[in-house]
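Survey of secondary and tertiary structure
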Amino acid sequence: MAIFPPVQRVWWNEPIERTEILWITISLVWAIILFFMMPYWHLAGEQNLSNEAYKIRPEVFAERTEAMAEKYTVREEGDTGIPVVRPPAGSDIYMLGRLWEWWPILELEKDQTYRLHLSSMDYQHGFSLLPENINLQVHPDYEMVVTIKPNRAGEYSVVCNEYCGIGHHTMVGKIYVVDK
Amino acid sequence: MGDTETGVPAPGTTPGSSGDEEPIPFMQQVLDNPFLLLFLGVAIPTVFYIIWGVMEVIAIPMTN
Amino acid sequence: MANDANFRTCPDTGFKIHLPADRLIKWNAVTGVVFLLIGGIFGIAVALTRWPTVHLLPADMFYLVLTAHGFNALLVWIIFFEMAILYFASSVLLGCRLATPKWAWAAYALMLIGAVVTNIAVLRGDSSVMFTSYVPMKAAPDFYLGIIVFAVGALIGCFVFFGTLVIAKREKTYEGSLPLVTFGAVTAAIIAVFTIGSGAVILIPTLLWSVDLVAHIDTLMYKIVWWALGHGSQQINVAAQIALWYALAAILFGAKPLSEKVSRTAFLLYILFLQLASAHHLLVDPGLSSEYKIFNTSYALYLAVLASMIHGLTVPGAVEAAQRKKGYNNGLFEWLRRAPWGNPSFSGFALSLVLFGFLGGISGVMMGTEQLNIITHNTMYVPGHFHGTVVVGTTLTFMAFAYWVVPVLWQRELVFPGLAKWQPYLFGIGMGLASVFMMGAGTLGIPRRHWDINFADAVMSYDFPGAAYLMMGLNGLAALIGGVGGAIFILNMVGTILWGKKKVKAAAAEEKAPEQPAAVSSYGNAGTLAVPGTFTLAMVFLVAFVLYYFVNWKYLAGVWPLS
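Residues numbered from 1 in each chain as written. Chains lettered and ligands numbered in written order. Predicted model: local features only at pLDDT ≥ 70, side-chain atom pairs only at ≥ 80, totals over all residues.

What follows covers the overall build of chain A. Helix and strand counts for chain A stand at two helices and twelve strands. Radius of gyration (C-alpha) of chain A: 24 Å, far over the 16 Å computed for a compact globule of 180 residues. Each of the 180 residues in chain A was classed as buried or not, and the buried ones make up 52%. Counting contacts in chain A only where the partners sit at least 6 residues apart, residues at least 24 apart contribute 54% of the total. (Helix = DSSP H or I, 4+ residues; strand = E, 2+ residues; numbered from the N terminus. Rg over C-alpha atoms; globule rule 2.2 N^0.38 Å. Buried ≥ 20, exposed ≤ 12 C-beta atoms within 10 Å, placed from the backbone. Contact = placed C-beta atoms within 7 Å.)

Written as structure tokens, this is what we have:
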């Protein structure tokens, strides 16, 4: 029994029963499939994260975000005072996380690609794009670059899903996706 | 039924009693050595998970 | 070696028990259960707050209580109980004196002091940083200090365990190889050394940073090293709980492992690769390469998943073989039908095995896949997964083991045997459902660690679908059922220790004496019956695994293209 030492002095040479061999073989094949799904998706799938990232000071990231907003603001969101920014298709777009907002609101064209830059001004934040359910971790001092291609028009919310203090649950941003 | 141990070179032995006829296989020696396992179990994740990961973080370039 | 006044012979099991080890096992186990109670109460408060129509706590209290719940339930409860398991698997199973009981008591004291210090810091209200305490969010210095002291204590406990192995070998208290259960405990202890050591390594500079002696802690490096603690400590659980599964199969059924070689090799795969899975937490973080992510998140080619699937067959397989030997040989499942479903040690063990595999195991592999993590990271899916591992896996296994070990060590009878019969079902099914509902809410995007999914105070908001609200409500309800189950367990344990009827020597045969039974004691598969029932169940598991895995790829394929 498992609570006593093995009875045989040499147990390594014991034969393995067929059921076990069969299960181990099946499991190993499945493990290999699980493994190769990841590189396969890099080749054949459309949802992969780039490894493009930079160290950046928060002020620098904020400057770039503000520069984009200054250039491309098209309106303000209701009476919130938050700019809605519509950068040209294919361009570099910025969204920053800070206590407790995602800034600014972006307006993107459907089926166009954008290089989305994300970083935080303070704590870590969680970029959770809903209802897509795309979730990315946003760090201060690091800038992550992901190429996105919104494929459905509509109003999307960015909810923070990394705890960032007492106002965490009020941290919501927006992305509009519009037909051309 | 529990006593038929076909295919086992030294059947029906109790620990220690069979003495030194059969050498302990290499893998059994490895599995019987907790400190070797401790070394491997600490070294492998330290190298592949922590050190590799920290090296990649260090290699992240400054923005231009 | 053991003709020492310091030993007693257990009347139920015949084990020679070293008295200092006996006391240490008891104190560590009882302290663990006390922290389970504390962590459990916080957990109920969390579940009730996240039940949208109840919304029990105000925001600041919610984040405070959630921090306390994570720390007590994920770290303190299980590591105390694991210390008891380590001392049991070394000193008791090997019939050996425990190495340096004084150091073991020092370990216990440090762990207790550390746990209390951190709890005070959290309850004071200035350290609501969550269990993960991601920098640069700063907790009070004593928050980190308590965890460091706790970790140092636990490390000392691990070395007492290794020291006991050395003594047992030198004093020849056993012959040949270690028992499989002790080998499983070795696996747990090795993982513990790495994981607890990593925790100390990252929290010491963080402590210095919190008192302004260190200027800056890199957020990414913190996450990498911290998760060696955060995830690794849950891998201690996996190894410890599987060791206990083998122990319970042996104790309840006289079952022998189908193959020593296979089971030990599976544990070896854990030792080598299981801890790489800490990378699960870094899959959507900036700057880490896909090579790093794929290698680590897959435990090097999913070899640790292979090991879990092997244990998933060999543990019930050993039970099936033993039952068939007893004559329960009709059809595929007579052996299972005729198992002692009214014995909480068995029902807890059986439920934990099934729920751990189906809920915790499958979900863990799914969201640990590099790309699939994009659609689960930091959603309620994550707590859904780890309540499927730590709660209905580890905690339920520990409960099942406690139903056997507490009456044996204290030589008292359970105070509420009738309630004990139902307890594993109540706890297992309640918390299993909670896990399922959390995962369901996560697939609908509900964030974890979030006080208000109505966004009542927010400038902008998001309307979650009604189904998501329903899931969070059902989660609260299921957690309450599980909470009742947990309360009954604690009541039973504390009651038994304090007021349980002393066992009469003659009548003590209630627990089967785990002597080496001649019929099933020898090793080698040639002597083992085939286990068609277990194989059938394993194939059912595999089909569920494959289907669920690919369904999630289909979900992923539907979201915005990212590159």
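Let's shift gears to the overall build of chain B. When helices and strands are tallied, chain B shows two helices and zero strands. For chain B, with 64 residues in total, the buried portion stands at 22%.

This part covers helix α16 (residues 532–557) of chain C. With 26 residues, α16 of chain C ought to run about 38 Å at 1.5 Å a step, and its terminal C-alpha atoms sit 38 Å apart, in line with that. Looking at α16 of chain C, one finds that the buried residues are Gly-533, Thr-534, Phe-535, Leu-537, Ala-538, Phe-545, Asn-552 and Leu-556 of chain C. In the core, the buried residues of α16 of chain C are packed alongside α1 (18–44) of chain A together with α10 (299–325), α11 (334–337) and α12 (344–367) of chain C. (Expected span 1.5 Å × (residues − 1).)

Along the chain, Leu-99 of chain A connects to Trp-100 of chain A via a cis peptide bond; the corresponding omega equals -15°. Summarising the element assignment, Trp-100 of chain A is placed in the loop between β4 (92–98) and β5 (101–103). Following Trp-103 of chain A, the chain continues to Pro-104 of chain A via a peptide bond in cis, the omega torsion being -10°. Here Pro-104 of chain A shows up in the loop between β5 and β6 (105–109). Backbone geometry places Tyr-302 of chain C, a non-glycine residue, at a positive phi of 60°. With respect to the helices and strands, the residue Tyr-302 of chain C is situated in helix α10. Residue classification places Tyr-302 of chain C among the buried residues on the basis of 24 C-beta atoms within 10 Å.

By the secondary structure assignment, Ser-461 of chain C is in the loop between α14 (417–443) and α15 (466–499). Ignoring sequence-local partners within four residues, the contact set of Ser-461 of chain C consists of Val-172 of chain A together with Phe-455 of chain C.

Here we come to the pairing of strand β12 (residues 172–178) of chain A. Regular strands place their side chains on alternate faces of the sheet. Residues and elements named next belong to chain A. Relative to β12, β6 runs parallel, the two sharing four bridges. Of the residues in β12, the one forming a bridge with Glu-109 is Val-178. Bridge count between strand β11 (residues 154–160) and β12: six bridges; the pairing is antiparallel. In the sheet register, Tyr-156 faces β12, and the bridge partner there is Ile-175. (Pairing = 2+ DSSP bridges.)

Bringing the nonpolar core into the picture now. In this structure, Ala-243, Tyr-246 and Ala-249 of chain C are the most contacted members of the largest nonpolar core, which totals 271 residues. Sorting elements by how many residues they give to this core places helix α2 (residues 59–92) of chain C first, with 24 residues. A domain-level breakdown of this core finds at least three residues from each of domain 1 (17–48) and domain 2 (53–178) of chain A. Those residues in contact with Ala-249 of chain C, other than ones at most four positions away along the chain, are Ala-2 of chain A together with Ala-255, Val-315, Ala-318 and Val-319 of chain C. (Core = buried A, V, L, I, M, F, W, Y, C linked by C-beta atoms within 7 Å. Domains from an automatic or database assignment.)

With 77 residues of chain A in contact, the opposing surface of chain C contributes 94 residues. Listed by contribution, the elements that provide at least two residues to the side of chain A that touches chain C are α1, β8 (125–130), β9 (134–138), β10 (142–148), β11 and β12 of chain A. Considering each element in turn, the side of chain A that touches chain C owes the most residues, 17 residues, to α1 of chain A. Taken together, the residues of the side of chain A that touches chain C break down into 41 nonpolar, 26 polar and ten charged. (Nonpolar A, V, L, I, M, F, W, Y, C, P; charged D, E, K, R; others polar.)

The next thing to look at is the sheet that holds β4 of chain A. Residue and element names in this part refer to chain A. Within the open sheet, the five strands sit side by side as β1-β10-β7-β4-β5. Their pairing is mixed. In this open sheet, the two strands that pair with only one neighbour each are β1 (53–55) and β5. Averaged over all pairs of adjacent strands, the angle between their axes in this sheet comes to 20°, without regard to strand direction. In this sheet, β5 lies alongside β4 in antiparallel orientation, the contact comprising three bridges. Among the inter-strand pairings, Leu-96 is bridged to a residue of β5, identified as Trp-103. (Axes fitted to C-alpha atoms, helices over the stretch in contact; angles between N-to-C directions.)

All names here are of chain A. With five of its seven residues buried, β11 lies for the most part within the structure. Across four bridges, the pairing between β8 and β11 is antiparallel. Each bridged residue has a counterpart across the sheet, and for Leu-129 the counterpart in β11 is Val-158.

This paragraph deals with the sheet that holds strand β2 (residues 73–76) of chain A. All names here are of chain A. Spatial strand order, β2-β3-β6-β12-β11-β8-β9: seven strands in an open sheet with mixed pairing. Each edge of the open sheet carries a strand with a single partner, namely β2 and β9. Recorded for the sheet is a direction-independent mean angle of 25° between the axes of neighbouring strands. Contacting β2 and β3 (83–85), helix α2 (residues 58–72) runs over the sheet at an angle of about 85° to β3.

Next up on the list: the environment of Lys-169 of chain C. On the secondary structure map, Lys-169 of chain C appears in helix α4 (residues 141–170). The partly exposed category is assigned to Lys-169 of chain C, around which 16 C-beta atoms lie within 10 Å.

Residues and elements named next belong to chain C. Over its 34 residues, α2 runs 47 Å from end to end, which matches the ideal 50 Å to within 8%, given 1.5 Å per residue. Where α2 bends most, the angle comes to about 35°, and this point is Asn-72. With 31 of 34 residues buried, α2 lies mostly within the body of the structure. (Bend = angle between axes of the 7 residues up to and from the residue.)

What follows covers the packing of helix α7 (residues 232–253) of chain C against α12 of chain C. Two quantities define a packed helix pair, namely the angle between the axes and the distance from one axis to the other. Residue and element names in this part refer to chain C. With their axes 11 Å apart at the nearest point, α7 and α12 run at an angle of 145° to one another. Of the two elements, α7 crosses α12, and the hand of that crossing is left-handed. From α7, Trp-245, Leu-248 and Leu-252 reach across to α12, where they touch Ser-345, Phe-346, Phe-349 and Leu-353. Among the residues forming the contact of α7 with α12, the class breakdown is six nonpolar, one polar and no charged. (Left-handed = near helix turned anticlockwise from the far one by under 90°.)

All names here are of chain C. Following both chains from N to C, one finds α12 and α16 inclined at 40°, their axes separated by 10 Å at the closest point. Between α12 and α16, the crossing angle belongs to the class labelled oblique. In the packing of α12 onto α16, the handedness of the crossing is right-handed. Contact with α12, carried on its side by Gly-357, Phe-358, Ile-362 and Met-366, involves Phe-541, Ala-544, Phe-545, Tyr-548, Tyr-549 and Asn-552 of α16 and no other residues of that element. Grouping the constituent residues of the contact of α12 with α16 by class yields eight nonpolar, two polar and no charged. (Parallel < 35°, antiparallel > 145°, perpendicular 65-115°, else oblique.)

Confidence along chain B averages 79 in pLDDT terms, with 69% of residues attaining 70 or more. For this predicted complex, the interface confidence score (ipTM) comes to 0.96, while the overall pTM stands at 0.94. (pLDDT = per-residue confidence, 0-100.)

Secondary-structure assignment places Trp-451 of chain C in the loop between α14 and α15. Placed 396 residues apart in sequence, Trp-451 of chain C and His-55 of chain C show a C-alpha to C-alpha distance of 8.4 Å.

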